[in-house]
Amino acid sequence: MATQSIILIGGPDSGKTNYLARFWETIRSGHGRLRVTQLPENIDYVEAALNHLLTGKFAPRSDKNLDGGTASCSIAVTGPCKDPETPTEVYVPDVTGELWAGAVETCELPAAWLDSLQSSFGALLFVRVGSELNVAPLDWVTARPLMKRDVALNEANDEHKTEISTDVQLCELLRFLELTLGTNTGVKRPRVAILVTAWDRLDRETASKGPRQFLAGEYPLVAGRIDDVSRLDIDVFGVSVVGGDFDDEIFKRRFLEGKLQEFGYVVRQQAEERDLTIPVSWVLQGAERQ
Ligand SMILES: Nc1nc2c(ncn2[C@@H]2O[C@H](COP(=O)(O)OP(=O)(O)OP(=O)(O)O)[C@@H](O)[C@H]2O)c(=O)[nH]1
Ligand SMILES: [Mg+2]
């Protein structure tokens, strides 16, 4: 069986684990382009995250004390354009976002993760709408009093909140990918799917413009980098794992009365599709063509 590793990258609270849980449900129930061919080992962690969704709660942030900061699973998948006899083994390590945040701050990546990036065929890069850990760029006119306040707040709060803007953090992660992704695989132009998660939290007008426009408005540096990075093939997807927010009681009731596969979607360009496997399938297709 061909083994292709895809790596999930993104700061803390960016939606990696919830996406992985929803992706797993889609391939297991056969409601997407990709399907699972055999029960993977180490899937308990993903099943536990999925159980949260099924009971009307988002899966909590990953345990920072996980072994090496990661929970990994290998899932054998096949799709319509593939021979079902030769599935692809997709290795998906779900690394706690603290690791990526630390790497951005120190410009250093632990050796094991450098190896993982080099042997991955593609990557999913996550950023979440409405995360309290998103950092807006500094406005230098008003920055001084705010910086004083933030120093006091940070002293009182041990949550990892960096001062580097999310836009710059994402550019740094893209730079890691540009330098390292797939260099040990023979894939000449690895694909990177940028997933804008919690897309359901956007107002209708912003959402209607599509994920690329959202990125250009909210994270202009990253949007600019996408066109400059020639070694990677990059596309942007909006993702909502259940199509709404469980904080909204009316939505939650509707969700609990329905079936999970009727909730959640992926937006590419301006089109919305129910199939939550689309970003992974797009990344895999890129690797198979080369
Ligand atoms: N409304 C909405 N919220 C979401 C969605 N996906 C994730 N969230 C929220 O984002 C939070 C963080 O998601 P996680 O999947 O735990 O993020 P993570 O990247 O795995 O975080 P770390 O484990 O800290 O690295 C969740 O607890 C939800 O509150 C979504 O599709 N819609
Ligand atoms: Mg997580």
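Residues numbered from 1 in each chain as written. Chains lettered and ligands numbered in written order. Predicted model: local features only at pLDDT ≥ 70, side-chain atom pairs only at ≥ 80, totals over all residues. Heavy atoms only, no water.

Undergrad: A description of the overall build of the protein should follow, citing residues and the corresponding values.
TA: For the protein, the helix and strand inventory stands at 11 helices and nine strands. The buried share of the protein, taken over its 290 residues, is 51%. Counting only contacts in the protein whose residues sit at least 6 apart along the sequence, the fraction spanning at least 24 positions is 77%. Split by element, the accessible area of the protein, about 14200 Å² in all, is 50% carbon and sulfur. (Helix = DSSP H or I, 4+ residues; strand = E, 2+ residues; numbered from the N terminus. Buried < 20%, exposed > 50% of the residue type's maximum accessible area, 1.4 Å probe, protein only. Contact = heavy atoms within 4.5 Å. Areas by Shrake-Rupley, 256 points an atom, 1.4 Å probe, with all protein chains shown as cover.)

Undergrad: Give me the lowdown on the site of ligand 1, citing residues and values where you can.
TA: Lining the immediate surroundings of ligand 1 are 23 residues, of which Lys16, Asn18, Arg61, Ser62 and Gly97 lie closest. Taking serine 14, its main chain carries an N or O atom lying 3.1 Å from an oxygen atom of ligand 1. A total of 650 Å² of accessible area belongs to ligand 1 in isolation, and the protein chains cover 93% of it. Take the shell around ligand 1: its biggest share by element is three residues, from helix α1 (residues 16–29). (Near = heavy atom within 4 Å. Polar contact = N/O pair within 3.5 Å; in protein donor to acceptor, adjacent residues only side chain to side chain.)

Undergrad: Can you explain the pairing of strand β5 (residues 122–128)? Please cite residues and give values.
TA: Burial of β5 is extensive: seven of the seven residues sit out of reach of the surface. Because side chains alternate across β5, one face comprises the buried residues Gly122, Leu124, Phe126 and Arg128, and the other comprises Ala123, Leu125 and Val127, equally buried. Summarising the sheet, β5 and strand β6 (residues 191–197) pair through seven bridges and their orientation is parallel. From the neighbouring strand, leucine 124 faces β6, where its bridge partner is alanine 193. (Pairing = 2+ DSSP bridges.)

Undergrad: Give a detailed account of the packing of helix α8 (residues 211–218) against helix α9 (residues 220–228), specifying residues and quantitative values.
TA: Viewed as axis vectors pointing N to C, α8 and α9 meet at an angle of 125°, and their least axial separation amounts to 5 Å. Accordingly, the angle class assigned to the pair α8 and α9 is oblique. The segment α8 lies against α9, with Arg212, Leu215, Ala216, Gly217 and Glu218 engaging Pro220, Val222, Ala223, Ile226 and Asp227. The residue inventory of the contact of α8 with α9, partitioned by class, reads six nonpolar, one polar and three charged. (Axes fitted to C-alpha atoms, helices over the stretch in contact; angles between N-to-C directions. Parallel < 35°, antiparallel > 145°, perpendicular 65-115°, else oblique. Nonpolar A, V, L, I, M, F, W, Y, C, P; charged D, E, K, R; others polar.)

Undergrad: Requested: an account of the nonpolar core, with residues and values cited.
TA: If you look at the biggest cluster of nonpolar residues, it comprises 40 residues, and the most contacted ones within it are Tyr19, Phe23, Ile75, Leu124, Leu195, Val242 and Val280. Counting residues per element, this core draws most heavily on α1, which supplies six residues. Residues within four places of valine 242 in sequence aside, it is in contact with Leu53, Phe58, Phe251, Phe255, Leu260, Phe263 and Gly264. Judged by nonpolar contacts, the second largest core, of 38 residues, contains Val104, Leu173, Leu174 and Leu177. (Core = buried A, V, L, I, M, F, W, Y, C linked by side-chain atoms within 4.5 Å.)

Undergrad: An account of the environment of aspartate 200 is requested, with residue identities and associated values reported.
TA: Structurally, aspartate 200 is set in the loop between β6 and α7 (204–208). Aspartate 200 sits 38 residues away from glycine 238 along the chain, and the two C-alpha atoms are 8.9 Å apart. Apart from residues no more than four positions distant in its own chain, aspartate 200 is found in contact with Ser240, Gly243, Gly244, Asp245 and Tyr265. At 2.6 Å, the side chain of aspartate 200 and the side chain of serine 240 are in polar contact.

Undergrad: Give a detailed account of the packing of helix α6 (residues 166–180) against α9, specifying residues and quantitative values.
TA: Across the interface, α6 lies against α9 with an axial gap of 8 Å and an inter-helix angle of 25°. Classified by the interaxial angle, the pair formed by α6 and α9 is roughly parallel. Across the interface between the two elements, Asp167, Val168, Leu170, Cys171, Leu174 and Glu178 of α6 pack against Pro220, Leu221, Val222 and Arg225 of α9. In terms of residue class, the contact of α6 with α9 is built from seven nonpolar, no polar and three charged.

Undergrad: Give a detailed account of the packing of aromatic side chains, specifying residues and quantitative values.
TA: Counting across every chain of the model gives 12 aromatic pairs. Ring geometry for phenylalanine 255 against phenylalanine 263: centres 5.0 Å apart, planes inclined by 70°, an arrangement best described as edge-to-face. Among the aromatic residues, those joined into a cluster by ring pairs are Phe58, Phe246, Phe251, Phe255 and Phe263. Of note, arginine 175 hangs over the ring of phenylalanine 176, and the distance from its end group to the ring centre comes to 5.9 Å. (Phe/Tyr/Trp six-rings, centres within 6.5 Å; stacked < 30°, edge-to-face > 60°. Lys NZ or Arg CZ within 6 Å of the ring centre and 35° of its normal.)

Undergrad: Account for α6, with residues named and values stated.
TA: An ideal rise of 1.5 Å per residue puts 21 Å on 15 residues; α6 measures up with 21 Å between its terminal C-alpha atoms. In terms of burial, α6 is a largely internal element, 11 of the 15 residues being buried. Thr166, Asp167, Gln169, Leu170, Cys171, Glu172, Leu173, Leu174, Phe176, Leu177 and Thr180 are the residues of α6 that are buried. In the segment just after α6, glycine 182 is the residue with positive phi, at about 70°. (Expected span 1.5 Å × (residues − 1).)

Undergrad: Pulling in residues and values, what's your account of unusual backbone geometry?
TA: Of note, aspartate 13 is a non-glycine position whose phi angle comes to about 70°, a positive value. The topology assignment puts aspartate 13 in the loop between β1 (2–10) and α1. Aspartate 13 sits in the partly exposed class, given a relative accessible area of 21%.

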